[in-house]
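Architecture and fold: a report
Listed here are the chains, written in short residue letters.
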Amino acid sequence: MKTKKEAIAEMIYFPEDILKEIFLRLPGRSLLRFRCVSKSFCTLIDNPSFRSMNHELSYSRNNPSFMFCEAKRNKIYTIDYKSVSSLLPSSTTCEFTTNHMNYPLKFQDCEVVFLSSCNGLVWIHLRKTGGHEKEYYIWNPATEVYKSIPMPREVKSLRRGYGFCYDYRTEDYKLVRVVVDWASKCSDVDVYTVSSNSWKTTQIIPYNIYYQGYCGVLFCGALHWLMRTFGRDSTHVLVCFDIVNKRFEEVALPETPMPYPEEPLEADMLDLGIGVLGGCICLIYRFFGVGVDVWMMQEYGVRKSWTKSFSITHESITSSIYLELMWSFKNYKILWGIDYGFILYDSNNKIFREMVMYSHWTDRLTAARNYMVSSVSL
């Protein structure tokens, strides 16, 4: 016997292609409600092809958020990127409002560390307060559903990198862990597949992760990390992992620029980062206390296409120990994460606005970047 909701859904008939176009224009929370209307609605919304199209449109509309955890207070917050894009052109400092997010009781009384995120799912690492036992979970904050992940093989190395992506060929989500083995001067790549609920060491690469806990940047269907070669003459390497073909490749870097010859620079004053800006992979050269140069690869994979896009000398950015490109808007408005909050910077007009978090936020942990409400089921 049909339910009342199913009967109503059949009375209001739309061809599937039209219904798909309507659903693609709805926000994630509305899709979650429509999944409950009928089995046909649920089947359409849960279809991998539809989910992929919906995620791409959501990103193009600049709808994602930044999610972070304040460990000492066991609280999780989100910041909507779109709500901050209108704060320019004022160049004054403002107190920034965050949205508090509920999380499962299972996560309470635990240290919550965000490792990576993909399509509205978040990979988190839990550790009981005061304990040493660790657990992995994949969590959908929108549906409040979470899945326990078996822990991969135990390793002694503390230098690890992480990534979370979707394999469109197998229609499956995968977690990637890169673990440095200093003794053998290589790194092991462990891949977890959701459908099989198991980990597998897929290959060994001759690089080591640049930072502990480094989250890979997803671009052109591949995860990207800054790494270094082993040895006394170690050099920086931009490495990408094609999750579909399970292949690592190097992406050529520009010749290391030294744009501040008038400043005496020591080796530890130079730091590098990567991000996505204007639809291009970008490289961030940071000279502590001096300046930040942003380079963009105009044609992916072509070394000669690296172009210096702009420089920043604003003290709040150059002197920050923590610096990360969080999100780029239209017309090169960029949201940077810094030690005490965020800076929204307009690279075209050279104007900025500092967004200070509430004064008691002193913990800076790994966070779920570019999170968005999603109906993805586990």
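Keep in mind that this is a model prediction, so the values were computed, not measured.

Basis of the calculations
- Residues numbered from 1 in each chain as written.
- Predicted model: local features only at pLDDT ≥ 70, side-chain atom pairs only at ≥ 80, totals over all residues.
- Heavy atoms only, no water.
- Helix = DSSP H or I, 4+ residues; strand = E, 2+ residues; numbered from the N terminus.
- Buried < 20%, exposed > 50% of the residue type's maximum accessible area, 1.4 Å probe, protein only.
- Contact = heavy atoms within 4.5 Å.
- Areas by Shrake-Rupley, 256 points an atom, 1.4 Å probe, with all protein chains shown as cover.
- Pairing = 2+ DSSP bridges.
- Arc of directions from axis to C-beta.
- Core = buried A, V, L, I, M, F, W, Y, C linked by side-chain atoms within 4.5 Å.

Things to note about the overall build of the protein chain
Each helix and strand in the protein chain was counted, giving seven helices and 27 strands. The buried share of the protein chain, taken over its 378 residues, is 52%. Long-range pairs, those at least 24 residues apart, make up 50% of the contacts in the protein chain with a sequence separation of at least 6. When the accessible surface of the protein chain is split by element, carbon and sulfur atoms take 52% of a total near 18800 Å².

Observations concerning the sheet that holds strand 14 (residues 214-215)
Across the sheet, five strands lie side by side as 12-11-10-9-14; this open sheet has mixed pairing. Both edges of this open sheet fall to strand 12 (198-205) and strand 14, since each of them pairs with a single strand only. Of the pairings in the sheet, the one linking strand 11 (residues 186-193) to strand 12 comprises seven bridges and is antiparallel in character. Its bridge partner lying in strand 12, Asp-188 is registered against Ile-204.

As for helix 2 (residues 16-24)
Here helix 2 has its buried residues at Leu-19, Phe-23 and Leu-24. Relative to the axis of helix 2, the buried residues are bounded by an arc of 135 degrees and lie together on one face.

Describing the pairing of strand 6 (residues 121-128)
For strand 6, the buried fraction is high: six of the eight residues fall into the buried class. Direction of pairing for strand 5 (residues 110-118) relative to strand 6: antiparallel, over a ladder of eight bridges. Bridge pairing in strand 6 links Phe-114 to Ile-124. With antiparallel pairing between neighbouring strands as the criterion, strand 5 and strand 6 make up a hairpin whose turn holds two residues, including Asn-119 at a positive phi of roughly 50 degrees. Bridging between strand 6 and strand 7 (residues 134-140) involves six bridges; their strand directions are antiparallel. When the sheet's bridge partners are listed, His-125 is paired in strand 7 with Tyr-136.

Focus on unusual backbone geometry
In terms of backbone geometry, most residues other than glycine have negative phi values and most peptide bonds are trans. You will see that Lys-185, though not glycine, has its phi angle at about 55 degrees, which is positive. Here Lys-185 shows up in the loop between strand 10 (172-181) and strand 11. By relative accessible area, Lys-185 is classed as exposed at 52%. Positioned with a positive phi, Lys-350 is a non-glycine residue whose angle comes to about 60 degrees.

Some details on the nonpolar core
Grouped together as the largest cluster of nonpolar side chains are 39 residues, with contacts concentrated most on Val-176, Trp-225, Leu-226, Met-227, Phe-248, Leu-283 and Trp-306. Apart from the residues lying within four places of it in its own chain, the contact partners of Met-227 are Val-178, Ile-205, Tyr-207, Asn-208, Ile-209, Tyr-210, Thr-235, His-236, Val-237, Val-239 and Phe-248. Core analysis: the second largest hydrophobic core is formed by 18 residues, Cys-282, Val-294, Met-296 and Ile-334 among them.

Everything listed here is a matter of geometry and, on its own, says nothing about what the molecule does.
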